[in-house]
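Report on the structure
The lines below spell out each chain.
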Amino acid sequence: MRDIWAPDEPDFAQCVKEMQLRGTWLMPWLNGVPYDEKPILYYWVMKASNGAMNFLTGGLGFSHGVAAWALRLPSVLASLAFLHAYQKWAKRFLQAGVARLALMILATSPLWFWQSQFIQIDLLFSVLLSWAWFCWLGGYLLERGLQAELHAGEAGRWFHKSYFWLALAFLAKGPLAGVLSFLVLAAFLAWQRDLRILLRMKLGTGALLFLAVVLPWYVAAGIQGGGHYVYQLVIHQNFERATKAWDHIQPWWRYLEYLLGDFFPWVLLLPALGFFLRGSGATRNVTARFLMVAFVVPFLFLSWVQSKQGKYLLPSYPFLALLLASMLQPLSVEGVSEARIRRLGGLLALGLGLLGLALLAVTFGAGGAPLQEQVAPFRGLAGTLGAIATLGALSLTGRALSGGGQHLVSETALTLGLVYLVGGTWGFRKLDPQKNFFEWSRLVQPHLQGRKVVYWQTIRSGAMVYTDSLMPEVRVAAELEKLGPEDRLVSMRREWDQDMGGMTPTIRDSFEVLLSQPTGGGELLLLKRKAR
């Protein structure tokens, strides 16, 4: 129930708001112009959710046509639907025990949990793409006789489902869905030395199904948006972003660092997983091969791409969770080595223990004065979370020492769940006043009515989503000279203080600050020209 948080959530909220005001479903709009960063699917589901929830709840939590909770609902439902289908798939093609463990590992990994309740496209894209791969693998296993068909033609249906879900992933985030799918399947089939499956995987009808889902919107949007829109949507935001990135530029090894936090504490088991896969002969198992490829190939490809964010690796985590579950499932069987239980349980306990000790150390003054000043409002929360993690670590240690391998995953997942529950309800409530845009909007509204308003540099949509004012971007300082004394200018403090776009101290001094409001993790300014 928190507000939309910068930087991404306000952009999506404003796009939905402008689509509603224009009465259009064809293209997203942001600040009065077509928004060409992503295809349409996520905007469709957000707009549908926002409209339906506004009607069904009588406007609960809605302001200026949008509600953060209604816009988050597609991510929540997509995650829950995928986790249900994921468990059913694992029970169908693997084992019930593996399915249960994989579900707990995936659902409690920090990145998956966060993206499942965030207004961002990546969770929806990830579940669509991952499920497309799972459907293809199901068809492959049935077609090759590695699993028995429950009814005639089941393999073909799994293949067709994979093409349908891949098409929806393409509508969510564009060509990346196709590129990753091609690389994963090519690597898997090369490892299998089984190119003959290309003749039996329903490629012809699958391609027609894919095009029937994808082409209508791309053609219609291309006609309305024109060549520039298509170029920006397909080439600039995908191929140029991969090879000539302008943001999130990171070194090749950055995903190793992301993995440590985004998949914590399960990531600590990866060395053990490597030894398990090598020693158990799992590399000769067809399903295990696909699971490995579905994690390793995207990891390597995305490490090559210049623009990097941890969430880009999200489609691979369901496959990594299944590999870890396959390693951990035997721990519940009688007779398994107690030394192995102690090693694996000790690693999970170590992860929770480090988390708990770090939080407790900060609570009691570690980190120096600057850090303590930042965490002062959250000291009680940090101490509570540290205590939860520490108690979980102690419980896990006791389980491991007593040989209780069947409870290692469930107790780790329970501890993480409690951390998320307390952190999400208590922590987000305390943090929201610093992040939301309600106070800014209330203060600025009287200054904007009936006036021309522009924004210096790239728009931060939270500045306008609750004001009912569009704010055209001005990126060249010379254009600021054209503003009159009744016009208004909005900017983030850090951008206003930089000499960018031809900005000079003289031009900056020709404006006065009418309003300054910390919000969205920064400081928003409302300015006007000084009287000459």
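Residues numbered from 1 in each chain as written. Predicted model: local features only at pLDDT ≥ 70, side-chain atom pairs only at ≥ 80, totals over all residues. Heavy atoms only, no water.

**Description of the overall build of the chain**
Each helix and strand counted, the chain has 21 helices and seven strands in total. Radius of gyration (C-alpha) of the chain: 26 Å, near the 24 Å computed for a compact globule of 532 residues. Here the C-alpha coordinates of the chain stretch approximately 85 × 60 × 45 Å along the principal axes. The buried share of the chain, taken over its 532 residues, is 54%. Long-range pairs, those at least 24 residues apart, make up 73% of the contacts in the chain between residues at least 6 apart in sequence. Within the structure as shown, the chain displays about 23300 Å² of accessible surface, and the carbon and sulfur contribution to it stands at 64%. Here the chain contributes 48 positive and 34 negative side-chain charges, whose respective centroids are spaced 8 Å apart. (Helix = DSSP H or I, 4+ residues; strand = E, 2+ residues; numbered from the N terminus. Rg over C-alpha atoms; globule rule 2.2 N^0.38 Å. Buried < 20%, exposed > 50% of the residue type's maximum accessible area, 1.4 Å probe, protein only. Contact = heavy atoms within 4.5 Å. Areas by Shrake-Rupley, 256 points an atom, 1.4 Å probe, with all protein chains shown as cover. Lys, Arg positive; Asp, Glu negative; His and termini not counted. Charge placed at Lys NZ, Arg CZ, Asp CG, Glu CD.)

**Structural notes on the environment of Ala172**
Counting through the fold element by element, Ala172 comes out in helix α7 (residues 154-173). Not counting residues within four places of it along the chain, the set of residues in contact with Ala172 comprises Lys38, Pro39, Leu41, Ile121, Phe125 and Leu128.

**Considerations on helix α12 (residues 286-304)**
Owing to its 3.6 residues per turn, the α-helix brings residues three or four apart onto one side. Under the 1.5 Å per step criterion, the end-to-end length of α12 is 27 Å for 19 residues, consistent within 8% with the ideal 27 Å. Its side-chain oxygen at 3.0 Å from the backbone nitrogen of Thr287, Asn285 defines the N-terminal cap of α12. (Expected span 1.5 Å × (residues − 1). Polar contact = N/O pair within 3.5 Å; in protein donor to acceptor, adjacent residues only side chain to side chain.)

**Quick word on the environment of Gly386**
Note on placement: Gly386 falls in helix α16 (residues 379-402). Each C-alpha atom, one on Gly386 and one on Ser510, is 50 Å from the other, the two residues being 124 residues apart in sequence. Leaving out residues up to four positions away in the same chain, Gly386 has contacts with Gly356, Leu359 and Leu360.

**A look at the pattern of salt bridges**
Counted by the stated rule, this structure contains 20 salt bridges. With a shortest N-O distance of 2.8 Å, Lys17 and Asp468 are connected by a salt bridge. Here the residue Lys17 occupies a position in helix α1 (residues 9-22), and Asp468 occupies one in the loop between β3 (453-456) and β4 (473-474), the gap between them amounting to 451 residues. Salt-bridge contacts for Arg493 lead to Glu523; the nearest nitrogen and oxygen are separated by 3.3 Å. Of the two residues, Arg493 sits in helix α20 (residues 493-496) while Glu523 sits in strand β7 (residues 522-529), which places them 30 residues apart along the sequence. Exposure remark for Glu523: the relative accessible area of 24% places this residue in the partly exposed category. Bridged by salt links that share partners, the residues Asp8, Asp122, Lys173 and Lys311 form one connected network. (Salt bridge = Lys/Arg side-chain N within 4 Å of Asp/Glu carboxyl O.)

**Concerning the pairing of β3**
Residue alternation in β3 divides its side chains into two sets, Val453 and Tyr455 and Val454 and Trp456, and both sets are buried. The pairing of β3 with β4 spans two bridges and is parallel. Bridge assignment links Trp456 to a residue of β4, and that residue is Val474. (Pairing = 2+ DSSP bridges.)

**Re the sheet that holds β3**
Strand order in the open sheet made by the five strands is β4-β3-β5-β7-β6, with mixed pairing throughout. Every interior strand has two partners, whereas the edge strands, β4 and β6 (511-519), have only one. As judged from the three bridges shared by β3 and strand β5 (residues 488-492), these two strands associate in the parallel manner. If you follow Val454 over to β5, its bridge partner there is Leu489. The sheet strands contacting helix α18 (residues 438-448) are β3, β5, β6 and β7, and the helix crosses β6 at an angle near 155 degrees. (Axes fitted to C-alpha atoms, helices over the stretch in contact; angles between N-to-C directions.)

**Some words on the side chain of Thr519**
Topologically, Thr519 is positioned in strand β6. Residue Thr519 is classed as buried on the basis of its relative accessible area, which comes to 2%. Dropping the residues within four chain positions of it, Thr519 is found in contact with Gln434, Lys435, Asn436, Phe437, Trp440 and Leu524.

**Here we look at the packing of aromatic side chains**
For the structure shown, the criterion picks out 37 aromatic pairs. Between Trp114 and Phe118, the aromatic rings sit 4.8 Å apart at their centres with planes inclined by 35 degrees, giving tilted as the arrangement. The ring of Trp158 carries Lys161 above its face, with NZ or CZ at 3.7 Å from the centroid. (Phe/Tyr/Trp six-rings, centres within 6.5 Å; stacked < 30°, edge-to-face > 60°. Lys NZ or Arg CZ within 6 Å of the ring centre and 35° of its normal.)

**A look at the packing of helix α4 (residues 96-108) against helix α17 (residues 408-435)**
The N-to-C vectors of α4 and α17 enclose an angle of 25 degrees; their axes lie 10 Å apart at closest approach. Accordingly, the angle class assigned to the pair α4 and α17 is roughly parallel. Crossing hand, α4 versus α17: left-handed. Between α4 and α17, the residues in contact are Leu101, Met104, Ile105 and Thr108 and Val409, Ser410, Ala413, Leu416 and Tyr420, respectively. For the contact of α4 with α17, the residue count by class is seven nonpolar, two polar and no charged. (Parallel < 35°, antiparallel > 145°, perpendicular 65-115°, else oblique. Left-handed = near helix turned anticlockwise from the far one by under 90°. Nonpolar A, V, L, I, M, F, W, Y, C, P; charged D, E, K, R; others polar.)

**Some thoughts on the nonpolar core**
Among the nonpolar cores identified, the biggest contains 151 residues, and Phe290 and Tyr317 are the most heavily contacted of them. For this core, the leading source of residues is helix α6 (residues 122-143), giving 16 residues. If we ignore the near neighbours within four places in the chain, the residues touching Phe290 are Trp133, Trp136, Leu137, Val184, Leu185, Phe188 and Phe319. Val454, Trp456, Leu483 and Leu525 belong to the second-largest nonpolar core, a separate cluster that totals 13 residues. (Core = buried A, V, L, I, M, F, W, Y, C linked by side-chain atoms within 4.5 Å.)

**Notes on the packing of α1 against helix α2 (residues 41-57)**
Axes are the key here: two packed helices are described by the angle between their axes and the distance separating the axes. Here α1 crosses α2 at 70 degrees, and the two axes come no closer than 10 Å. Taken together, the axes of α1 and α2 are roughly perpendicular relative to one another. Of α2, the residues touching α1 (which contributes Phe12, Cys15, Val16, Met19 and Gln20) are Tyr42, Tyr43, Met46, Lys47, Asn50 and Gly51. Within the contact of α1 with α2, the residues separate by chemical class into seven nonpolar, three polar and one charged.

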